[in-house]
Amino acid sequence: MRYAHHGATSHDGRAAATFSRQLAALSLVVLLTGAVLFAGAWLVGGQDAVSDNWVGVTVVVALFAGLAGTFTALFTAVVAMVRHEPWRHLWLPLAAFPAVVLVVALLEAFVFE
């Protein structure tokens, strides 16, 4: 009976680690897609091309979805760590949210003032 319980816990930890890695990767793709859309529109049309239109709304939705996704991935990675999942499987979800927050803060401070 002890082995069945241990196997279920180990499996749950792997599932949480896998989910957190996949969610972090997907969230970073969403953020990168929003950044490429924003940069392309800015280069083509300047400020008017990104404010008060579908581009601006799409970029803001991508930013919030990416932030929420990376935060959820961070939380799930912490759960997997509590279940003793190795660090090498969790570096992306643990690093994604702090990195995204840092990049957004630096962009806001120095680029978008």
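Colleague: Help me out: how do you make sense of the overall build of the protein in this one?
Modeller: Each helix and strand counted, the protein has 3 helices and 0 strands in total. Helices and strands appear in the protein in the N-to-C order α-α-α. Accessible surface computed for the protein: about 7,600 Å², of which carbon and sulfur atoms make up 73%.

Colleague: Hey, could you run me through the layout of surface pockets in this one?
Modeller: To locate leftover empty space, one rolls a probe as large as a water molecule over the atoms. There is about 540 Å³ of room inside the largest pocket. Along the walls of the largest pocket sit 19 residues, with V59, L63, V104, L107 and F112 positioned nearest its centre. Of all the secondary-structure elements, those providing two or more residues to the lining of the largest pocket are helix 1 (2–45), helix 2 (54–82) and helix 3 (91–110). Here the lining of the largest pocket is composed, by residue class, of 16 nonpolar, 2 polar and 1 charged.

Colleague: Just to check I follow, could you spell out helix 3 for this structure?
Modeller: Since there are 3.6 residues in each turn of an α-helix, residues three or four apart along the chain are aligned in direction. Helix length check: helix 3, at 20 residues, gives a terminal C-alpha distance of 28 Å against a target of 28 Å (1.5 Å per residue), a fit within 8%. Those residues of helix 3 that sit buried are P93, L94, A96 and V100.

Colleague: How do you make sense of the packing of helix 2 against helix 3 when you look at a structure like this?
Modeller: Where helix 2 contacts helix 3, the two axes come as close as 7 Å, and the packing angle between them is 145°. In this structure, the crossing between helix 2 and helix 3 has a hand that is left-handed. Facing helix 2, whose interface residues are L63, L67, T70, F71, A73, L74, A77, V78 and M81, helix 3 presents P93, L94, A96, F97, V100, V101 and V104.

Colleague: Would you mind showing me how to read a nonpolar patch on the surface here?
Modeller: A cluster of nonpolar side chains, namely L102, V103, L106, L107, F110, V111 and F112, defines an oily patch on the protein surface of about 670 Å² accessible area. Within the secondary structure, L102 is located in helix 3.

Colleague: For this particular structure, what's the right way to read the confidence of the model for the protein?
Modeller: The predicted coordinates should not be examined in detail at positions where pLDDT is low. On average, residues of the protein score 86 in pLDDT, and 88% of them reach the 70 mark or higher. Confidence, read as mean pLDDT per element, is least for helix 1 in the protein (81) and greatest for helix 3 (94). Within the model, the stretch residues 1–9 combines pLDDT values under 50 with 1 contact to residues more than four positions away or in other chains.

Thresholds, definitions, all that
- Residues numbered from 1 in each chain as written.
- Predicted model: local features only at pLDDT ≥ 70, side-chain atom pairs only at ≥ 80, totals over all residues.
- Heavy atoms only, no water.
- Helix = DSSP H or I, 4+ residues; strand = E, 2+ residues; numbered from the N terminus.
- Areas by Shrake-Rupley, 256 points an atom, 1.4 Å probe, with all protein chains shown as cover.
- 1 Å grid on protein atoms, 1.4 Å probe; cavity = no way out; pocket = protein on both sides within 12 Å on 5 of 7 lines; lining within 4 Å.
- Points joined across faces, edges and corners; volume = space filled by probe spheres on them.
- Nonpolar A, V, L, I, M, F, W, Y, C, P; charged D, E, K, R; others polar.
- Expected span 1.5 Å × (residues − 1).
- Buried < 20%, exposed > 50% of the residue type's maximum accessible area, 1.4 Å probe, protein only.
- Axes fitted to C-alpha atoms, helices over the stretch in contact; angles between N-to-C directions.
- Left-handed = near helix turned anticlockwise from the far one by under 90°.
- Contact = heavy atoms within 4.5 Å.
- Patch = residues over 30% accessible without salt bridge, like charges linked within 9 Å, V, L, I, M, F, W, Y side chains within 5 Å.
- Salt bridge = Lys/Arg side-chain N within 4 Å of Asp/Glu carboxyl O.
- pLDDT = per-residue confidence, 0-100.

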